[in-house]
Amino acid sequence: MNNFEQVLEKYKPMISACLRRLNIYKNHDAFKQAGFIALWRAWIKYDSSKGDFTPFANRTIYGAMLDELKKENLIEERFQLLEHDRLSNLIDHDQLLHIENEQLATVLKRLPSHEIELLLWIYVEEVSLQQAAIKAGISLSGIKKRKERLLKKLRKEMSN
């Protein structure tokens, strides 16, 4: 194919299939864009003497999306470390509810026991999110969502 627009139209379903195979459910547009760029790179690099374009394009797109997932995970881990450091500075590692910051102590006392338990696991015991998910008996994505909701709740309460 001589024109990239034709290639793009033909292989858009392949990009969507890679998104589904990798279970990408957030930042969908960014991953789709990464797929488009990967397809363009495959189209530029393609050498017809080395085989059919379709499998080459598929591997290139899939690999690019995996790379994006790795970058996203690395960014998320760094963000979690930042959040951990910020909360660790506020939380006494000996006892969670005996805190010099009275506002935080008041907020923490109002939390349900399962949220305090999650805070203890992540910020005091320093278990990984995977380990916290196992302890809670839920999926990794479930524990991530709980943590995000809890941090959002804490931020909101602390800003009041």
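Residues numbered from 1 in each chain as written. Predicted model: local features only at pLDDT ≥ 70, side-chain atom pairs only at ≥ 80, totals over all residues. Heavy atoms only, no water.

### Topic: the pattern of salt bridges
Moving on, step 1. As enumerated under the stated definition, the model contains four salt bridges in all.
Moving on, step 2. Glu 125 is paired through a salt bridge with Lys 135; the nearest N and O atoms lie 2.9 Å apart. Here Glu 125 is found in the loop between α5 (113-124) and α6 (129-136), whereas its partner Lys 135 is found in helix α6, with 10 residues between them in sequence.
Moving on, step 3. For Lys 135, a relative accessible area of 44% gives the class partly exposed. (Salt bridge = Lys/Arg side-chain N within 4 Å of Asp/Glu carboxyl O. Helix = DSSP H or I, 4+ residues; strand = E, 2+ residues; numbered from the N terminus. Buried < 20%, exposed > 50% of the residue type's maximum accessible area, 1.4 Å probe, protein only.)

### Focus on the environment of Glu 117
Moving on, step 1. Tracing the backbone shows Glu 117 in helix α5.
Moving on, step 2. Separated by 19 residues in sequence, Glu 117 and Ala 136 place their C-alpha atoms 9.4 Å apart.

### Notes on unusual backbone geometry
Moving on, step 1. In this structure, Asn 23 takes a positive phi of about 55° despite not being glycine.
Moving on, step 2. As for its position among the elements, Asn 23 is in the loop between α1 (4-21) and α2 (28-45).
Moving on, step 3. By relative accessible area, Asn 23 is classed as exposed at 58%.
Moving on, step 4. Here Glu 126, not a glycine, exhibits a phi torsion of approximately 55°, which is positive.

### Digging into the nonpolar core
Moving on, step 1. Ranked by internal contacts, the top residues of the largest apolar core, which has 19 residues, are Val 7, Tyr 11, Ile 24, Leu 39, Phe 53, Ile 61 and Met 65.
Moving on, step 2. Top contributing element to this core by residue count: α1, with eight residues.
Moving on, step 3. In contact with Leu 39, not counting residues within four places along its chain, are Phe 4, Val 7, Leu 8, Tyr 11, Ile 15, Phe 53, Ala 57 and Ile 61.
Moving on, step 4. Listed in part, the 18 residues of the second largest apolar core include Leu 104, Val 107, Leu 108 and Leu 151. (Core = buried A, V, L, I, M, F, W, Y, C linked by side-chain atoms within 4.5 Å. Contact = heavy atoms within 4.5 Å.)

### Examining the packing of α5 against helix α7 (residues 140-159)
In a packed pair of helices, the relevant descriptors are the angle between the two axes and the axis-to-axis distance.
Moving on, step 1. Here α5 crosses α7 at 105°, and the two axes come no closer than 11 Å. Between α5 and α7, the crossing angle belongs to the class labelled roughly perpendicular. Contacts between α5 and α7 involve Glu 115, Leu 118, Leu 119, Ile 122 and Tyr 123 on the former and, on the latter, Ile 143, Arg 146, Lys 147, Leu 150, Leu 151, Lys 153 and Leu 154.
Moving on, step 2. Of the residues contributing to the contact of α5 with α7, the split by class is eight nonpolar, no polar and four charged. (Axes fitted to C-alpha atoms, helices over the stretch in contact; angles between N-to-C directions. Parallel < 35°, antiparallel > 145°, perpendicular 65-115°, else oblique. Nonpolar A, V, L, I, M, F, W, Y, C, P; charged D, E, K, R; others polar.)

### Some remarks on the packing of aromatic side chains
Moving on, step 1. For the structure shown, the criterion picks out four aromatic pairs.
Moving on, step 2. Ring geometry for Tyr 46 against Phe 56: centres 6.3 Å apart, planes inclined by 40°, an arrangement best described as tilted. Placement of the pair is Tyr 46 in the loop between α2 and α3 (53-90) and Phe 56 in helix α3, with a sequence separation of 10 residues.
Moving on, step 3. The exposure class of Phe 56 is partly exposed, given its relative accessible area of 23%.
Moving on, step 4. One aromatic cluster is present, formed by Tyr 11, Tyr 46, Phe 53 and Phe 56 through successive ring pairs. (Phe/Tyr/Trp six-rings, centres within 6.5 Å; stacked < 30°, edge-to-face > 60°.)

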